[in-house]
Amino acid sequence: MIDSSLYAAFFLAALMLCVSPGPDMMFIVAMGGRGGPRAGVLAALGVGCGALVHVFAAMLGLSALFLAFPTLYHVLRWVGAAYLLYLAVKAFRDRAPLGEDEGTIGSAGPSRWRAFGQGMLTNLLNPKVILFNIAFLPQFVRPAMGHVPVQFLLLGLTMVLIGLAVDTSVGLLAGRLAALLRRSARTARALNVLSGTIFGGLAVRLVAAPK
């Protein structure tokens, strides 16, 4: 169903893309910095679930709507940017330090399951992920081998799993480092400002970057 040599090339390309710092990784680092190891890992899992939704959308052809209706792309882009700015404001206003028990957080920080939801929503509201799937995945699909939707699904699942392995590791490391640093109230405040700056920068990048 999938050519083995072509799949090997896809796996290598996907791995290189996943280990390269990008918006999702920066978001996960920021969430780990605010909420500790579990928040970082759950944010990564949320991003992975969002990516999985994008894969199914590409497989079903729904992503083509963004090519047919450019306005939809811009609406989703602005909504995504607004959500990231909302997270940035919350981070800037957060003065609750990380707790000392298993990386729990103060009331102003992101709860564990909220971190999952925010990771998923941030990924879903990024239309560039949709366009990326349209541009990248078809390069490794061979219609002559049949079962094109299944080929899309297998390739997409592979990329999601690679991304999960990389992102959960990043979220865990960022969260553990933040848990140590947040024992100082001043450092905790600096980490909140850094997280807010990352969220704000991602919002600007989403709006300002060309289609």
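A. Quick peek at the overall build of the chain. Of regular secondary structure, the chain possesses 9 helices and 0 strands. Each helix and strand of the chain, placed in order from N terminus to C terminus, yields the pattern α-α-α-α-α-α-α-α-α. The 211 residues of the chain split such that 45% are buried. Within the chain, contacts between residues separated by at least 24 positions form 81% of all contacts whose residues are at least 6 apart in sequence. With the model as given, the accessible surface of the chain reaches about 10,400 Å², and the carbon-plus-sulfur share is 72%.

B. Spatial organisation of the nonpolar core. Core analysis: the largest hydrophobic core is formed by 23 residues, its most contacted members being Phe27, Met31, Leu84, Leu87, Phe199 and Leu202. Breaking this core down by element, the ones donating at least two residues are α2 (23-35), α3 (37-60), α5 (70-93) and α9 (185-208). Per-element tally for this core: the top contributor is α5, with 7 residues. In this view, Phe199 contacts Phe27, Ala30, Met31, Arg34, Leu84, Leu87, Ala88 and Ala91; residues no more than four positions away in its chain are not counted. Listed in part, the 14 residues of the second largest apolar core include Ala14, Leu137, Met159 and Ile162.

The rules behind the values
- Residues numbered from 1 in each chain as written.
- Predicted model: local features only at pLDDT ≥ 70, side-chain atom pairs only at ≥ 80, totals over all residues.
- Heavy atoms only, no water.
- Helix = DSSP H or I, 4+ residues; strand = E, 2+ residues; numbered from the N terminus.
- Buried < 20%, exposed > 50% of the residue type's maximum accessible area, 1.4 Å probe, protein only.
- Contact = heavy atoms within 4.5 Å.
- Areas by Shrake-Rupley, 256 points an atom, 1.4 Å probe, with all protein chains shown as cover.
- Core = buried A, V, L, I, M, F, W, Y, C linked by side-chain atoms within 4.5 Å.

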